[in-house]
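Letter by letter, the chains look like this.
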Amino acid sequence: MSGRVRGPRRARSVAGTGRWWRAADLAVLAGLVVLGSLLLVPAYGSAAPVVAAAVGAAVPAAVFAVLQRWSLPGWLAVPVIPLGVVVLGAVVVAPQDRVLGVLPASEAVATLGRGSLDGWRDLLTVATPTGVSGALLVPPLLIAAVAATVAGVLVGTRHPAVALVGPAAAAVVFALFGDIAVNPGTVVLVGTGLLVAGLSWVVWIGGRRARRAERLAAGQLAQDRVSGADGVLGLRRAVVAGTILAVAAGASAAVALDGSTDRAALRAVVQAPIDPTVFDSPLALFRSYTKDRADDVQLVVQGLPTGARLRLAALDDYDGRQFRISDLSGPFVRIGPERPAPANTAQVPVTVRVAGYRGPFLPLPGPVVDLRFTGARTDELSADLRYSATATTGLMPGGWQTGDGYDVVAAVPAQYAPDVLAAARPQAVAMPPGPAVPDLVRSATDRYIAGATTPGQRVEAIRAGLVADGFFSHGATGEPVSPAGHGLDRLTSMVGTGPMIGDQEQYAALMALMVRSIGIPARVVVGFAPSAPAGGATELRGSDLTAWVEVPFEGFGWVPFDPTPPADKPVTDTQERAQTERREVAVEVPPALPQVPPDTVDNESADQHPEDAPPPEAAPGDSFMPALVVAMLGWTLLVVALVAAPILAILAIKARRRRRRLAAARPADRITGGWLELVDTATDAGYRPVPWQTRSEVARELAGAGVLQLDWLAPAADAAQFSPTPIDDDRARRYWREVDDRSAELLGGLGFWRRWRARLSLASLRRRKR
């Protein structure tokens, strides 16, 4: 059998593209798409988006190459490409959720589906480097898959160079979703690579088409014309390519010489919808922990170094009533699991499990380097976290539940001796405006810093003065009276009348106010400090809540200072000192303002403070094997259904067409229908009849090509249509038996794949005469 027969319409086209050429074209286009994904590496902090883009681009390229190689119908790409992206993409996006080590589990497919909707927003709102948690790899996977599909469709047209639209568009989208700060050399490298590789491919396919046309040209004159045209086109292509590359080189040089590293990116205009000012100040709730919940276990921590603390929040805004988080502490944005480690820090792995703690803050030993949530709500907590690197504070708007936990690698700041900081200069940090400092506080500050000459010495002098003059008390039963709160009236009373008595809440607030009064930035930090030695698992109770002050110094960052006197320091002669007349100072002290009551909720921000978090769902039972079998059967049935549905539809349409022709009322119509059935079979096998050809001409063409010997079938069909002689049913049945024999002979001479391509071809369905 000679294979496919081409009618006049097919013969007009130039020889078809070699199959290996088409596979090479698809490979080049997929490679260009992957090359553009290098622009996402700074945003992710790793090569993970390149791997995802490679998988996304490889699926369409492989599908189109297989369809071309085995001459399968192009419509098969419609179900196969999405199926391949789902199966392979789910393995890349969620490699931990696999069945039998290679197949994606239902959780992985769910992650891929969720990422196709939410992954775009997450990629823009998570601070860079984003990492690969959740569904962050879905955007590069889908971008590459769509771009490679578009390129695969366009490369099969009469103008294959248009297929570069796919990689070019993908590179633009990758750049828009990339990081704002990017190395100009990376942009130059990727852009130059795309231009050189793309233009080289265009020149190659142009020369390939010209050489193929030259080989098929008839006569020496035609060959000379083609050769001359090829030379002119080659020169033209060289000039165009040289011009574009020269422009690209000039633009690349201009970008590389520009000192700015910021560029246009979508994340520059997307803001994370979080307002830190709506959350209650943990310093205002200090006494509710140290008195009401003193013995309640809040957290269980393991791996915390000796002397380290778990910070909750850094408070930089003071309005005369309380310290709280300000807008300047942000931005609070989503982050990936990995962060760069700050300088002058030691990385420490710590495990934290939540017990009774219900605050909206993320307890941390220091700046986050690596953070992985554990427990039943891992994905929910990862999506809920908002983190500010400036404040080293994490917010959990959805709150905590018992059983939640996380493993964190934190950069614990180094501890500096006072003499090391003596010559340090304060770092310029924007701070919110505060109230006027009372004269009594200023006087006490001036007394403490007398003799100190440098900023570092003055800050240490204030800390040491408060420790020396103050006494510790929570105001509990059996302790000296110590009112709660840290408003201006409470702080002024500490330095104005009677002994200086308070706890960490008052001393940290007072020191921060004093340091700010001499023009040095300062903030209050609230957190847990274990009372027992660290090492194994340590329970942190409400009585372990503490507060301290941080001051920024150039070259050192935010340095902690603890101004609270030791708890075992006795209060000496309290009554006598309280009755002693003190020098009256004319100072206007603002009236006491109410503190935020404990455990209150801001109703205006109910979206960020849900009253009650839903209870965790019960963990599924140990039914791995039944679930595995059900999952495998489900996936198998899904794949079979997706692939078989269009195949069965085409076979059903052709079977219905055959039954309609066999069931014609007149025997003559059945014979003419048999002829149409035979021609349709030849058409699906590759023959393309011309509408104006007669049956005899079609028969001679098929016989001349050695495909079919139709003998008397064409004249019999003409006689049935035009002869007045009646035709009986037996003659129609004999005609159809011959049609079936010739059709089987035609299809039997084809290979397996070509035979099924003919059976599933839509060519005969597009013919006008059915």
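In what follows, the structure referred to is the one given above.
Here's a quick rundown of the structure. Note that the structure is a prediction, hence the values are computed from the model and not measured. (Residues numbered from 1 in each chain as written. Predicted model: local features only at pLDDT ≥ 70, side-chain atom pairs only at ≥ 80, totals over all residues. Heavy atoms only, no water.)

Secondary structure summary: the protein contains 24 helices and 20 strands in total. Looking at the protein alone, contacts between residues at least 24 apart form 77% of all its contacts between residues at least 6 apart. About 37,100 Å² of surface is accessible on the protein, with carbon and sulfur atoms providing 60% of the total. (Helix = DSSP H or I, 4+ residues; strand = E, 2+ residues; numbered from the N terminus. Contact = heavy atoms within 4.5 Å. Areas by Shrake-Rupley, 256 points an atom, 1.4 Å probe, with all protein chains shown as cover.)

As for its placement among the helices and strands, Gly487 is situated in the loop between strand 15 (470-472) and helix 16 (488-496). Gly487 sits 165 residues away from Gln322 along the chain, and the two C-alpha atoms are 5.8 Å apart.

Here the focus is the side chain of Thr681. Take Thr681: it is sitting in helix 20 (residues 667-684). Of the residues examined, Thr681 reaches a relative accessible area of 14% and is grouped as buried. Within polar-contact distance, the side chain of Thr681 engages the backbone oxygen of Glu677 at 3.0 Å. Leaving out residues up to four positions away in the same chain, Thr681 has contacts with Ser743, Leu746 and Leu747. (Buried < 20%, exposed > 50% of the residue type's maximum accessible area, 1.4 Å probe, protein only. Polar contact = N/O pair within 3.5 Å; in protein donor to acceptor, adjacent residues only side chain to side chain.)

A separate point is a nonpolar patch on the surface. Together, Val66, Trp70, Phe752 and Trp753 make up an exposed nonpolar region whose accessible area comes to about 400 Å². Mapped onto the fold, Val66 is located in helix 4 (residues 48-69). According to the relative accessible area criterion, Val66 is partly exposed, its value standing at 42%. (Patch = residues over 30% accessible without salt bridge, like charges linked within 9 Å, V, L, I, M, F, W, Y side chains within 5 Å. Salt bridge = Lys/Arg side-chain N within 4 Å of Asp/Glu carboxyl O.)

Now for the nonpolar core. Soluble globular proteins tend to pack their nonpolar side chains together in the buried interior. Counting residues in hydrophobic clusters, the biggest one holds 81 residues, and the most contacted among them are Tyr357, Leu362, Phe373, Trp400, Leu466, Met514 and Val551. Among the elements that line this core, the one with the most residues is helix 17 (residues 504-517), at nine residues. The residues touching Tyr357, leaving out its near neighbours within four places in the chain, are Tyr289, Gln298, Leu299, Leu312, Pro363, Trp400 and Phe528. Within the second largest apolar cluster, 53 residues are counted, among which are Val33, Leu76, Ala94 and Ala148. (Core = buried A, V, L, I, M, F, W, Y, C linked by side-chain atoms within 4.5 Å.)

Attention now moves to the sheet that holds strand 13 (residues 393-395). Strand pairing in a sheet is mediated by backbone hydrogen bonds. Such pairs are either parallel or antiparallel. The strand order across the open sheet formed by three strands is 10-13-12, and the pairing between neighbours is antiparallel. The open sheet has two free edges, formed respectively by strand 10 (361-362) and strand 12 (386-388), since each of these has just one partner strand. As paired elements, strand 12 and strand 13 share three bridges and run antiparallel to each other. Residue pairing across strands places Arg386 opposite Leu395, the latter belonging to strand 13. (Pairing = 2+ DSSP bridges.)

This part covers the packing of helix 7 (residues 138-154) against helix 8 (residues 165-176). For the pair helix 7 and helix 8, the least separation of the axes is 8 Å and the interaxial angle reads 160°. Looking at the two axes, helix 7 sits roughly antiparallel to helix 8. Viewed along their axes, helix 7 and helix 8 form a crossing whose handedness is right-handed. Across the interface between the two elements, Pro140, Ile143, Ala144, Ala147 and Ala151 of helix 7 pack against Gly166, Pro167, Ala170, Val173 and Phe174 of helix 8. Residue composition of the contact of helix 7 with helix 8, by class: nine nonpolar, one polar and no charged. (Axes fitted to C-alpha atoms, helices over the stretch in contact; angles between N-to-C directions. Parallel < 35°, antiparallel > 145°, perpendicular 65-115°, else oblique. Left-handed = near helix turned anticlockwise from the far one by under 90°. Nonpolar A, V, L, I, M, F, W, Y, C, P; charged D, E, K, R; others polar.)

Per the stated rule, a full pass over the model turns up 10 aromatic pairs. Ring centres of Tyr416 and Phe556 lie 4.9 Å apart, and the angle between their planes is 85°; this geometry places the pair in the edge-to-face category. In this pair, Tyr416 sits in the loop between strand 14 (405-413) and helix 13 (418-421) while Phe556 sits in the loop between strand 19 (545-553) and strand 20 (557-561), placing the two residues 140 residues apart along the sequence. Exposure remark for Tyr416: the relative accessible area of 24% places this residue in the partly exposed category. Ring pairing ties together the aromatic residues Tyr289, Tyr357 and Phe528, which thus form one cluster. Looking at Arg293, its charged tip hangs above the ring of Tyr289, at a distance of 4.1 Å from the centre. The aromatic ring of Tyr448 is capped on one face by Arg447, whose charged end is 5.2 Å from the ring centroid. (Phe/Tyr/Trp six-rings, centres within 6.5 Å; stacked < 30°, edge-to-face > 60°. Lys NZ or Arg CZ within 6 Å of the ring centre and 35° of its normal.)

When its volume is computed, the second largest pocket comes out at roughly 910 Å³. Residue lining of the second largest pocket: 33 residues in total, with Ser133, Gly134, Thr378, Asp379 and Ser382 positioned closest to the centre. When contributions to the lining of the second largest pocket are tallied by element, the ones reaching two or more residues are helix 5 (77-93), helix 6 (106-125), strand 8 (334-335), strand 11 (368-374) and helix 12 (378-384). The dominant element in the lining of the second largest pocket, judged by the number of residues it contributes, is helix 6, at six residues. Among the residues forming the lining of the second largest pocket, the class breakdown is 15 nonpolar, eight polar and 10 charged. (1 Å grid on protein atoms, 1.4 Å probe; cavity = no way out; pocket = protein on both sides within 12 Å on 5 of 7 lines; lining within 4 Å. Points joined across faces, edges and corners; volume = space filled by probe spheres on them.)

Structurally, Arg377 can be placed in the loop between strand 11 and helix 12. Separated by 2.9 Å, the side chains of Arg377 and Glu380 make a polar contact. Discounting residues that sit within four places of it in the chain, Arg377 has contacts with Gly399, Trp400, Gln401 and Asp404.

Here we take up the pairing of strand 19. With nine of nine residues buried, strand 19 lies mostly within the body of the structure. Neither face of strand 19 is exposed, since Leu545, Ala547, Val549, Val551 and Phe553 on one face and Thr546, Trp548, Glu550 and Pro552 on the opposite face are all buried. Relative to strand 19, strand 17 (residues 523-528) runs antiparallel, the two being bridged by six bridges. Among the inter-strand pairings, Phe528 is bridged to a residue of strand 19, identified as Leu545.

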